[in-house]
Amino acid sequence: MLPLKEKDKPLVQKLLSAGCCARCVLRFCSVGVQSAYRKSYEDIFKELQAFISDTENGKSQDSAMPVPTEENNKSHYSASPVPMKESNKSHDAAVLHSSEENNRSQDAAVPEPTEDPPNKKIKLDPTVTDIQSEGDTAAVSMTTEQVHLKAEESHVCVACLGILQELCDKTHAIKMAEAVKAENYQFDCIVLSVSLPAQLCVREHSCWLHVKKEVREKSMALDKDDVILVKEAFKWTMQGLVAKELGDVAVFSKSAFEVGVEFIHPETDAECHFLAGACPDCFKPTKNKQSVFTRMAVVKALEKIPDAKFLKHYPCPPTQPASKCSTQDIQCLHVSVFVAGRYNKFCRTLPQTPWVIDGKRMMESSVEELIADPLLSAFRANGFNFSSSGREDVDVRTLGNGRPFAMELLNPHRSRFSRAEMRQIQETINKSSDKISVRDLQIVTRECMGRMKEGEEEKTKSYTALVWTQKAIQKEDIVFIDDIKELTLDQKTPLRVLHRRALAVRPRVIHHMSARFLDPHHFYLGLKTQAGTYIKEFVHGDFGRTKPNLCQLLKTDTDILELDVESVDVDWPPAIPE
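**Student:** Mind showing me how you'd approach the overall build of the protein here?
**Tutor:** Looking only at helices and strands, the protein has 21 helices and 16 strands in total. When the 578 residues of the protein are sorted by exposure, 47% land in the buried category. Of the roughly 29,800 Å² that the protein leaves accessible, carbon and sulfur atoms contribute 52%.

Now the structure itself:
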């Protein structure tokens with residue numbers, strides 16, 4: 001049985017008479033029991049019929065009692081607080097609901113009613129129903145036959161536009177499951193997401209205003225926020241059906257794999273346009289939105305607009321739609337998978353990321369692309385985002401234990417790999433090019449990604465630079481460099497990166513240096529520095545923008561010919577034994 005109470009009966013009758021479907025009746029009655037929505041639509045409707053007919057059956061039983069005498073009638077009517085004419089109306093309504101035999105006995109004993117029973121067609125007219133709702137509730141009680149007729153003629157629900165009717169059954173679940181299977185994702189649990197047309201909010205608001213007075217008159221503890229959302233009712237009904245068609249996979253409120261269904265209803269798209277005139281502040285154009293009538297904007301406008309103003313522009317209850325919603329798209333989305341490791345770069349003509357100037361590509365490949373291609377293929381992902389612990393220039397090699405990097409793989413169709421499979425992917429990357437190699441390749445969590453950036457500037461990096469000097473030098477001229485410790489630099493944003501970094505003076509520390517003489521104009525300079533130090537600018541001075549610099553220390557012009565990153569001292573990701 002449906003979890004409805006006696007006080008819900010007038011609400012059920014009013015909603016059915018307005019053209020709401022059975023599941024929308026449950027929503028407006030604040031039925032939060034999910035199993036109630038999972039019943040077949042026919043069963044829910046039959047139970048609603050049985051529910052509202054209980055009262056009418058009670059009336060029929062009362063009218064089937066022995067007919068009182070004229071004197072008793074007089075005493076009965078005089079004792080009743082209802083006027084004579086009202087009593088006749090109630091009595092006539094009860095007579096209409098009794099069986100044929102009772103009707104015959106009543107016809108023999110009871111005088112003809114003073115007025116004919118209301119015409120069914122009149123009751124089915126929404127405008128008439130709305131007018132009647134303003135009067136006494138007893139005068140608008142509909143018979144089971146009338147409600148049934150209304151439901152049969154209403155076809156498409158005025159509130160959900162058919163989403164909780166034909167689009168909420170096993171046939172549609174099979175269609176959704178087939179669409180998911182065709183995408184060939186790897187998953188063991190799902191969550192369902194729903195995108196609804198914005199005008200549904202307007203129709204729901206109209207339905208709420210239609211029953212609002214009834215709710216207040218019956219002193220029902222029901223508010224608009226208590227109405228179950230269409231998307232929740234849809235998910236309660238469909239998640240289990242779709243999961244079953246997918247092989248009884250688990251259903252969770254949060255899942256790495258999401259199946260999204262988007263509904264559209266072009267026939268009623270313009271129904272929310274009147275809100276732009278009533279609440280212009282809620283509808284402001286944005287670059288990324290095709291229409292200003294977003295669901296969020298419509299909800300905000302409905303919160304602001306007074307009931308009386310709304311009713312001037314929109315019918316209450318909503319008009320009957322000629323067609324139901326249609327499914328525009330069924331999309332699958334898997335949360336991103338993150339892969340981390342360390343890379344070495346052995347080439348001085350390879351940028352870390354694609355190098356494009358004025359729309360023209362400068363190099364044929366990049367570090368991120370050489371790593372990404374095999375990963376995209378293995379995970380069958382739609383795209384990627386690359387990040388690393390710092391970056392080297394195109395002409396700088398990265399040696400030693402490599403530079404930590406992470407790759408976010410977008411919407412991967414496959415997400416689970418064993419350690420042996422990850423090692424195989426690593427070998428594929430290393431065999432694809434002699435310009436790079438990777439190590440410690442592994443799947444990590446989103447939370448772990450932050451460790452790569454945590455305290456990045458407090459970490460240290462080691463470099464080796466080949467330095468040229470204008471003045472000829474002897475070995476003794478560079479010995480003092482080995483004794484320099486904790487040298488603090490003031491580095492103004494270098495000219496070569498000023499187009500992408502803000503102008504500022506950044507203090508950086510060189511922890512220690514070492515010099516190895518080569519010839520009178522060349523020597524190797526080893527440095528261990530604070531992360532973020534511009535090594536090239538320290539060597540040639542960048543027109544005095546870095547102070548102190550090597551030119552000042554050696555008292556001659558110097559320049560850098562080659563630079564290698566020897567180590568990036570970030571203890572992430574964890575090393576994987578070979």
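Structure shown, so let's carry the discussion forward.
**Student:** It is not clear to me how the packing of helix 12 (residues 199-217) against helix 15 (residues 295-304) should be interpreted in this structure. Could you clarify?
**Tutor:** For any two helices packed against each other, one specifies the crossing angle of their axes together with the interaxial distance. Contact geometry of helix 12 with helix 15 gives a least axis separation of 8 Å together with a crossing angle of 25°. It follows from the interaxial angle that helix 12 and helix 15 lie roughly parallel. Crossing geometry of helix 12 relative to helix 15 is assigned as right-handed. Residue-level contacts link Leu200, Cys201, Val202 and His205 of helix 12 to Arg295, Val298, Val299 and Leu302 of helix 15. A breakdown of the residues in the contact of helix 12 with helix 15 according to their chemical character gives six nonpolar, one polar and one charged.

**Student:** I keep staring at the pattern of salt bridges and nothing clicks. Help me out?
**Tutor:** Opposite charge on two side chains permits them to pair, given that their charged atoms come into close proximity. Tallied over the full model, the rule gives 24 salt bridges. Salt-bridge contacts for Glu47 lead to Lys39; the nearest nitrogen and oxygen are separated by 2.9 Å. Glu47 gets classed as buried once you look at its relative accessible area, which sits at 17%. Note on Lys39: relative accessible area 24%, which makes it partly exposed. A salt bridge links Asp395 to Lys536, with the shortest nitrogen-to-oxygen separation between them at 3.0 Å. Note that Asp395 is positioned in the loop between strand 8 (383-388) and strand 9 (396-410) and Lys536 in helix 20 (residues 535-540), a separation of 141 residues in sequence. By relative accessible area, which is 15% here, Lys536 ends up buried. Through salt bridges with shared partners, a single ionic network connects Asp393, Asp395, Arg496, Lys536 and Glu537.

**Student:** Even after reading the chapter, I still don't get a negative patch on the surface, so can you show me in this structure?
**Tutor:** There is a patch of like negative charges on the surface, built from Asp223, Asp225, Asp226 and Glu303. Here Asp226 is to be found in the loop between helix 12 and helix 13 (230-245).

**Student:** Even after reading the chapter, I still don't get the sheet that holds strand 1 (residues 189-195), so can you show me in this structure?
**Tutor:** In a beta sheet, neighbouring strands pair by backbone hydrogen bonds and run either parallel or antiparallel. Within the open sheet, the four strands sit side by side as 2-1-3-4. Their pairing is mixed. Since the sheet does not close on itself, it has two edges, and those belong to strand 2 (250-251) and strand 4 (326-334), each with one partner. The pairing of strand 1 with strand 2 spans two bridges and is parallel. By the bridge assignment for strand 2, Cys189 is matched with Ala250. Against the sheet, helix 11 (residues 170-183) makes contact with strand 1, strand 3 (257-264) and strand 4, and its axis sits at roughly 40° relative to strand 4, the strand it touches most.

**Student:** Explain the pairing of strand 5 (residues 337-345) to me, please; I cannot follow it from the model alone.
**Tutor:** Where a strand is regular, its side chains alternate between the two sheet faces. With nine of nine residues buried, strand 5 lies mostly within the body of the structure. By the alternation rule, side chains of strand 5 split into Val337, Val339, Gly341, Tyr343 and Lys345 and Phe338, Ala340, Arg342 and Asn344, which are all buried. With eight bridges connecting them, strand 5 and strand 9 associate as antiparallel partners. Looking across to strand 9, one finds that Ala340 is bridged to Ala406. When strand 5 meets strand 10 (residues 436-444), the two strands line up antiparallel, connected through seven bridges. Each bridged residue has a counterpart across the sheet, and for Ala340 the counterpart in strand 10 is Gln442.

**Student:** Looking at this structure, I do not really get the side chain of Arg545. What am I missing?
**Tutor:** Looking at the element boundaries, Arg545 is found in the loop between helix 20 and strand 15 (546-547). Arg545 gets classed as buried once you look at its relative accessible area, which sits at 18%. A distance of 2.7 Å separates a polar atom in the side chain of Arg545 from the backbone oxygen of Thr493. Once you skip the residues sitting within four places of it in the chain, Arg545 turns out to touch Asp490, Gln491, Lys492, Thr493, Pro494, Leu495, Leu498 and Leu503.

**Student:** Honestly, helix 15 in this entry has me stumped. Any pointers?
**Tutor:** For an α-helix, the turn length of 3.6 residues means that residues three or four places apart are oriented alike. Those residues of helix 15 that sit buried are Ala297, Val298, Ala301 and Leu302. On an axial view of helix 15, the arc spanned by its buried residues comes to 135°, and they lie on one face. Facing away from the buried side of helix 15 by over 90 degrees, the exposed positions are Met296 and Glu303. Along its buried surface, helix 15 packs onto helix 12, helix 14 (274-278) and helix 16 (307-313).

**Student:** Would you explain the environment of Ile443 in this entry?
**Tutor:** Tracing the sequence through the fold places Ile443 in strand 10. Considering only alpha carbons, one finds Ile443 and Val337, 106 residues apart in sequence, at a separation of 7.3 Å. Contact partners of Ile443, with chain neighbours within four places excluded, come to Val337, Phe338, Val339, Phe379, Ser415, Phe417 and Met422.

**Student:** What is the right way to read the packing of aromatic side chains from this model?
**Tutor:** Summed over all chains, the structure comprises 11 aromatic pairs. Both rings, one in Phe274 and one in Tyr314, keep their centres 6.0 Å apart while their planes meet at 25°; by these two values the pair is stacked. Remark: Tyr314 occurs in the loop between helix 16 and strand 4 and Phe274 occurs in helix 14; sequence separation between them is 40 residues. The residues Phe274 and Tyr314 share a single accessibility class, namely buried. Between the aromatic rings of Phe386 and Phe405, the centroid separation amounts to 6.0 Å while the plane-to-plane angle is 15°, which identifies the pairing as stacked. Here Phe386, found in strand 8, pairs with Phe405, found in strand 9; they are 19 residues apart in sequence, far enough to count as distant. Phe386 sits in the buried class, given a relative accessible area of 16%. Given the relative accessible area of 0%, Phe405 is considered buried. Every member of this aromatic cluster is reached through a ring pair, and the members are Tyr185, Phe187 and Phe257. The aromatic ring of Phe51 is capped on one face by Lys9, whose charged end is 5.2 Å from the ring centroid. Note that Arg414 overlies the ring of Phe417, its terminal NZ or CZ placed 4.0 Å from the centroid.

Reading the values: rules and limits
- Residues numbered from 1 in each chain as written.
- Predicted model: local features only at pLDDT ≥ 70, side-chain atom pairs only at ≥ 80, totals over all residues.
- Heavy atoms only, no water.
- Helix = DSSP H or I, 4+ residues; strand = E, 2+ residues; numbered from the N terminus.
- Buried < 20%, exposed > 50% of the residue type's maximum accessible area, 1.4 Å probe, protein only.
- Areas by Shrake-Rupley, 256 points an atom, 1.4 Å probe, with all protein chains shown as cover.
- Axes fitted to C-alpha atoms, helices over the stretch in contact; angles between N-to-C directions.
- Parallel < 35°, antiparallel > 145°, perpendicular 65-115°, else oblique.
- Left-handed = near helix turned anticlockwise from the far one by under 90°.
- Contact = heavy atoms within 4.5 Å.
- Nonpolar A, V, L, I, M, F, W, Y, C, P; charged D, E, K, R; others polar.
- Salt bridge = Lys/Arg side-chain N within 4 Å of Asp/Glu carboxyl O.
- Patch = residues over 30% accessible without salt bridge, like charges linked within 9 Å, V, L, I, M, F, W, Y side chains within 5 Å.
- Lys, Arg positive; Asp, Glu negative; His and termini not counted.
- Charge placed at Lys NZ, Arg CZ, Asp CG, Glu CD.
- Pairing = 2+ DSSP bridges.
- Polar contact = N/O pair within 3.5 Å; in protein donor to acceptor, adjacent residues only side chain to side chain.
- Arc of directions from axis to C-beta.
- Phe/Tyr/Trp six-rings, centres within 6.5 Å; stacked < 30°, edge-to-face > 60°.
- Lys NZ or Arg CZ within 6 Å of the ring centre and 35° of its normal.

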